[in-house]
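Chains, contacts and geometry: an overview
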Amino acid sequence: MNQTLRCAASPSLALVKYWGKADGGINLPATTSIAVTISHLETVSQVTLGSDRANEPAADEVFIEGEPQPESRFAPFFAAVREALREDLHFRVESVNTFPTGAGLASSSSGFAALATGCTAVAGRRLSGAELSALARVGSGSAARAVFGGFTRFAAGASFAEQIADENHWPELRIVIAVVQRGSKPISSRDAMIRSRDTSPYYADWVSGAQSLAEQAETALVNRDLDTLGRAMRQSYLRMFSTMFTAEPPVIFWLPESVAVIRACEQLRADGISAWETMDAGPQVKVLTTAKHTAQVCDRLHRENPSGELLVVGVGSGPRLLGTGAATASTSA
Ligand code: DP6
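In this report, the structure presented in the accompanying data block is examined.

How each quantity is defined
Residues numbered from 1 in each chain as written. Predicted model: local features only at pLDDT ≥ 70, side-chain atom pairs only at ≥ 80, totals over all residues. Heavy atoms only, no water. Helix = DSSP H or I, 4+ residues; strand = E, 2+ residues; numbered from the N terminus. Expected span 1.5 Å × (residues − 1). Buried < 20%, exposed > 50% of the residue type's maximum accessible area, 1.4 Å probe, protein only. Arc of directions from axis to C-beta. Contact = heavy atoms within 4.5 Å. 1 Å grid on protein atoms, 1.4 Å probe; cavity = no way out; pocket = protein on both sides within 12 Å on 5 of 7 lines; lining within 4 Å. Points joined across faces, edges and corners; volume = space filled by probe spheres on them. Nonpolar A, V, L, I, M, F, W, Y, C, P; charged D, E, K, R; others polar. Domains from an automatic or database assignment. Salt bridge = Lys/Arg side-chain N within 4 Å of Asp/Glu carboxyl O. Near = heavy atom within 4 Å. Polar contact = N/O pair within 3.5 Å; in protein donor to acceptor, adjacent residues only side chain to side chain. Areas by Shrake-Rupley, 256 points an atom, 1.4 Å probe, with all protein chains shown as cover. Sits in = over half its atoms within 2 Å of the grid points. Disulfide = S-S within 2.5 Å. Pairing = 2+ DSSP bridges. Axes fitted to C-alpha atoms, helices over the stretch in contact; angles between N-to-C directions.

1. Some points on helix α8 (residues 256–270)
- The end-to-end C-alpha separation of α8 is 21 Å, in line with the 21 Å expected for 15 residues at 1.5 Å each.
- All of the buried residues in α8 are S258, V261, I262, A264, C265, L268 and R269. Angular distribution of buried residues about the axis of α8 spans 160 degrees; they occupy a single face of the element. Looking at α8, the residues exposed on the side facing more than 90 degrees away from the buried face are P256, R263 and A270.
- On its buried face, α8 sits against β10 (173–179), α7 (226–245), β11 (276–279), β12 (285–290) and α9 (294–304).
- Just downstream of α8, G272 is the residue with a positive phi angle, here 85 degrees.

What follows is the structure, given as structure tokens:
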């Protein structure tokens, strides 16, 4: 019988963004990112060692929500697993997300963090945090951060991410996710990132200013200073998007509802409530606030867009092994 186990991992939400790749390796970031691993949302992956099919050459297979995935998307990752473990192993993976897939909610970060953890564990091996992070990175840059709970830094040019503080560092922090549109995005973050680098006249300025934003954000989060963190976050996502808006052809993930949430956050801050938004490669808006202000933030966002969905999450832990059994969505926000 094949060995099987399940593993769950949560997405890494960038407060200061990784946007653009450095030369010299797979998914090495051009910019330092600072991120939080969020609670409640999860990718749950069931990983089986070896092929199920007798008399057929072993091959890696991945299904997300029951859909077979293109081999090319996963080939470099599985090659890196075999290299890291120094064994010719093959894997069958079935993953489900407890949140919309491919909609700018960082499903590739949780997906590859769950895969890296699950593939090494099912093979009976344990890697260090840095090794696991480097492995997950080959699947997706942001996944290098999602192998850790709490708060992380993924330095420009580094091959693995590091934890800055664990999930107990800032218990009052909340993230309100305004899901303004479900469904997949028109272009992947990977392709949008490449297009921005190759065609935006602002890309070089984005890269040269990113380190200072990362340093400001890291100091602010160590001090649990939401307003200083928020200002660095705001610069980071708006500068990142300016490389997308000015790419050729332009990449515009924003919807009118996204802008309405941004404006609502401005209004909340004008009313003395700390609510700082960020966005990724999709139309959803994530708003950082504190437990004390969460109800007011939700009320305001709900009034702005009564049909939109709001998810409230906190700071999450790193990947966890769940033992054997079917991959089903085990939590919901
Ligand atoms: C906007 O990690 O999805 O979410 O490394 O090509 O897989 P690849 O890209 P990916 O990009 C994440 C981009 C972002 C910002 C971030 O998470 O830092």
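2. Things to note about empty space enclosed by the protein
- Enumeration according to the criterion identifies two cavities of 30 Å³ or more in this entry.
- Counted as a void, the largest cavity has a volume near 60 Å³.
- Around the largest cavity, the lining comprises 10 residues; the ones closest to its centre are L13, I38, L105, A106 and K286.
- Here the lining of the largest cavity is composed, by residue class, of seven nonpolar, one polar and two charged.
- Two domains each donate at least three residues to the lining of the largest cavity, and these are domain 1 (3–166 + 321–331) and domain 2 (173–313).
- Roughly 40 Å³ of volume is contained in the second largest cavity.
- Looking at the second largest cavity, the residues that line it are A178, V179, V180, V261, L301, H302, N305, G308, E309 and L310.
- For the lining of the second largest cavity, the secondary structure elements donating two or more residues are β10, α9 and β13 (309–313).

3. Examining the pattern of salt bridges
- A full pass over the atoms with the stated rule returns 14 salt bridges.
- For R92, the salt bridge is made with E61, and the minimal N-O distance between the two is 3.2 Å. One end of the pair, R92, is in strand β7 (residues 91–97); the other, E61, is in strand β5 (residues 61–64), and 31 residues separate them in sequence.
- Where R263 meets E266, a salt bridge forms, and the shortest distance between an N and an O atom there is 3.7 Å. Of this pair, R263 and E266 both sit in helix α8, separated by three residues, roughly a single helical turn.
- Take R263: its relative accessible area is 52%, and that puts it in the exposed class.
- Overall, the relative accessible area of 39% leaves E266 in the partly exposed class.

4. Here we look at the site of the ligand
- Within the structure, the ligand sits among 17 residues, and Y18, K21, S140, G141 and S142 are positioned closest to it.
- The separation between an oxygen atom of the ligand and a polar main-chain atom of G141 is 2.7 Å.
- With the chains in place, 96% of the 460 Å² that the ligand exposes on its own is no longer accessible.
- A majority-of-atoms criterion places the ligand in the largest pocket.
- Broken down by element, the residue count for the shell around the ligand peaks at three residues, all from helix α5 (residues 189–199).
- A class-by-class count of the residues in the shell around the ligand yields six nonpolar, six polar and five charged.
- Viewed by domain, the shell around the ligand spans two of them, domain 1 (3–166 + 321–331) and domain 2 (173–313), each represented by three or more residues.

5. Re the state of the cysteines
- A full pass over the atoms with the stated rule returns zero disulfides.
- The thiol of C265 is unpaired, and the distance to the nearest cysteine sulfur, on C298, comes to 11 Å.
- With relative accessibility at 0%, the residue C265 sits in the buried group.
- C298 gets classed as buried once you look at its relative accessible area, which sits at 16%.

6. Some thoughts on the sheet that holds strand β9 (residues 162–165)
- Spatially, β2-β3-β8-β9 is the arrangement adopted by the four strands of the open sheet, whose pairing is antiparallel. Of all strands in the sheet, those with a lone pairing partner are β2 (12–16) and β9, marking the two edges. Each strand of the sheet is rotated relative to its neighbour by a mean of 35 degrees, with strand direction disregarded.
- Looking at chain direction, β2 and strand β3 (residues 33–37) are connected through four bridges and run antiparallel.

7. As for the environment of P256
- Within the fold, P256 resides in helix α8.
- A relative accessible area of 64% places P256 in the exposed class.
- Here the alpha-carbon distance between P256 and V180, two residues 76 residues apart in the chain, equals 9.2 Å.

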